[in-house]
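Here is how the chains run, residue by residue.
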Amino acid sequence: MKILITGAKGQLGKQINKEISKNKQCKVIAVNRKELDITDTNSVNQLILGNEPDVVINCAAHTAVDLCEEDIDNAYKINALGVKNLAIACEKIGAKFVQVSTDYVFNGEVNIQYKEDEITCPNSIYGKSKLLGEKFTKEFCSRYFIVRTAWLYGEGNNFVRTMINLSKTNNELNVVNDQYGSPTSTVDLAKAIVSLIYTEYYGTYHATCEGSCTWYDFAKKIFEIKNIDIKVNPVTSEEFKRPAPRPKYSVLDNFMLKLVGLNSFRNWEESLKEYLEGEM
Ligand SMILES: NC(=O)c1ccc[n+]([C@@H]2O[C@H](COP(=O)([O-])OP(=O)(O)OC[C@H]3O[C@@H](n4cnc5c(N)ncnc54)[C@H](OP(=O)(O)O)[C@@H]3O)[C@@H](O)[C@H]2O)c1
């Protein structure tokens, strides 16, 4: 099986590469932004039609949620048009296509876990551009997996590393305590994605670690595991203003993964502990 990973230098791209490389039957082509800019239609076609991968996993995205509010054209170019390029190229050669999406396609106004068929209504440019990426995926590729995840951390910049770095220069931190989600390890997510690509269970999936918390709870748990003595103050989103609005409650239910018997996600605290004890 030949698998192409785009955005291979990102957090998820790196972990997917590691996960797939465990299977010696698989040939991996992992390309970073310099090697393949997904917004460049000709380059996408050349690489995909030239190599004919069986599966394309798109880990490339404009993930700077706040920056997207002002960098609107680029957000849509990367998160929607780039995805369209990949979806069309995959369809031409009959490849399976994995598009990674986000909990921010929901507005998070209701305190219930979102299943895959729940109505989307993003409230940020990032969320809107990712939702258009989902739409293009469905429109232009028949063998697709849309995998929505949330609060991701792995090898790269993320909330966990930000908290640890901030603790080096601050005695106390203010962290938002009125947004709920599920912190998710790239290790768990990569396993789920790789298990899906061997199947023909096409469609949309929610894929996050089990359980949920606020950013404040998440920060407290990071410092507890790392034995870092620091005061953490719970604040509201109103008090901690950011350019992009975030959903209040974007907890996803891995309903479809459970139905197909592929939900191997651990509780978020267990995965976080492994991450903090391992590479950090
Ligand atoms: N991080 C989260 O908390 C989170 C939450 C929910 C969903 N997701 C989704 O999960 C996926 C993986 O996220 P991640 O955390 O691994 O992101 P990441 O670490 O920011 O990686 C994204 C990668 O995409 C690359 N990229 C950007 N524009 C590109 C382009 N035009 N062509 C090719 N590559 C391009 C970036 O390269 P440069 O660094 O060179 O720009 C970067 O290496 C994304 O689809 C994201 O939307 C993430």
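Each residue is numbered by its place in its chain's sequence as written, counting from 1. Where local features are concerned, this predicted model is filtered to residues with pLDDT of at least 70; where side-chain atom pairs are given and counted, the filter is 80 or more; whole-chain, interface and lining totals use all residues. For the side-chain quantities, the full set of heavy atoms in the structure was used; hydrogens and water were omitted.

Identification of the protein as dTDP-4-dehydrorhamnose reductase from Romboutsia maritimum is taken from an unreviewed UniProt entry. UniProt positions are given in the numbering used here, feature names are shortened, and annotations may be inferred rather than shown by experiment. The record held by UniProt for the protein lists under Sequence similarities (unreviewed entry) the comment "Belongs to the dTDP-4-dehydrorhamnose reductase family." According to its UniProt record, the protein has this under Function (unreviewed entry): "Catalyzes the reduction of dTDP-6-deoxy-L-lyxo-4-hexulose to yield dTDP-L-rhamnose."

Student: Please explain helix H7 (residues 186–197) as it appears in this structure.
Tutor: Residues three or four positions apart in an α-helix share a direction because the helix packs 3.6 residues into each turn. The end-to-end C-alpha distance of H7 is 16 Å, a good match for the 16 Å that 12 residues give at a rise of 1.5 Å each. Residue exposure (1.4 Å probe, protein chains only): buried if accessible area is under 20% of the type maximum, exposed if over 50%, otherwise partly exposed. Runs of H or I in DSSP of at least four residues are treated as helices and runs of E of at least two as strands, each being numbered from the N terminus. Extensive coverage of H7 is indicated by the burial of nine of its 12 residues. Among the residues of H7, those classed as buried are Thr186, Asp188, Leu189, Ala190, Ala192, Ile193, Val194, Leu196 and Ile197. Here the expected length of a helix is defined as 1.5 Å per residue gap, with one fewer gap than residues.

Student: For this particular structure, what's the right way to read unusual backbone geometry?
Tutor: One can expect most non-glycine residues to show negative phi and most peptide bonds to be in trans. The phi dihedral of tryptophan 151 falls on the positive side, at around 40 degrees, and the residue is not glycine. Within the fold, tryptophan 151 resides in the loop between strand S5 (144–149) and strand S6 (152–153). Using a relative accessible area of 9% as the deciding quantity, one classes tryptophan 151 as buried. Backbone geometry places asparagine 227, a non-glycine residue, at a positive phi of 55 degrees. With respect to the helices and strands, asparagine 227 occurs in the loop between helix H8 (215–225) and strand S12 (231–235). Judged by relative accessible area, which is 70%, asparagine 227 ranks as exposed.

Student: Mind showing me how you'd approach the packing of helix H6 (residues 159–167) against helix H10 (residues 268–277) here?
Tutor: The description of two packed helices rests on the angle between their axes and on the distance between the axes. As a rule, the C-alpha atoms of each element are fitted with a line to give its axis, helices using only the stretch in contact, and angles between N-to-C directions run from 0 to 180 degrees. Viewed as axis vectors pointing N to C, H6 and H10 meet at an angle of 55 degrees, and their least axial separation amounts to 12 Å. Relative to H10, H6 is oriented oblique. Two packed elements cross with a definite hand, and for H6 against H10 that hand is right-handed. For the pair H6 and H10, contact is made by Val160, Arg161 and Ile164 and by Leu272, Tyr275 and Leu276, respectively. With respect to orientation, any angle under 35 degrees is reported as roughly parallel, any angle over 145 as roughly antiparallel, any angle of 65 to 115 as roughly perpendicular, and every other angle as oblique. Helix crossings get a hand from a simple test, with the near helix turned counterclockwise from the far one by less than a right angle marking a left-handed crossing and a clockwise turn marking a right-handed one. Residue contacts follow a heavy-atom distance rule, with two residues in contact if any of their heavy atoms lie within 4.5 Å.

Student: Which parts of the structure should I look at to understand the pattern of salt bridges?
Tutor: A side chain of one charge can pair with a side chain of the opposite charge if their charged atoms are brought near each other. The term salt bridge refers to a side-chain nitrogen of Lys or Arg lying within 4 Å of a carboxyl oxygen of Asp or Glu. Counted according to the given criterion, the structure contains 17 salt bridges. Between lysine 135 and glutamate 139 there is a salt bridge, and its shortest N-O distance comes to 3.2 Å. Of this pair, lysine 135 and glutamate 139 both sit in helix H5 (residues 125–140), four residues apart, which is roughly one turn of that helix. Residue classification places lysine 135 among the partly exposed residues on the basis of a relative accessible area of 46%. Among the residues examined, glutamate 139 registers a relative accessible area of 46% and is labelled partly exposed. Note that glutamate 238 is salt-bridged to lysine 241, the shortest N-O span being 2.9 Å. Like lysine 241, glutamate 238 is exposed. In the salt-bridge network here, residues are joined through shared partners; they are Lys14, Lys18 and Glu155.

Student: When you look at the site of the ligand in this model, what are you seeing that I'm missing?
Tutor: Taken together, 23 residues lie near the ligand, and Leu12, Arg33, Thr63, Tyr126 and Lys130 sit nearest. Between an oxygen atom of the ligand and a main-chain N or O atom of valine 100, the distance comes to 3.2 Å. Polar contact is defined as a pair of N or O atoms within 3.5 Å, subject to the rule that within protein one atom must be able to donate a hydrogen and the other to accept it, and that residues adjacent in sequence are counted only when both atoms are side-chain atoms. Within the side chain of tyrosine 126, one N or O atom sits 2.7 Å away from an oxygen atom of the ligand. Every accessible area reported is derived by Shrake-Rupley at a probe size of 1.4 Å, with residue values counting cover from the shown protein chains alone. Protein contact buries 80% of the 900 Å² of open area that the ligand shows by itself. To be near a molecule or strand, a residue needs just one of its heavy atoms within 4 Å of it.

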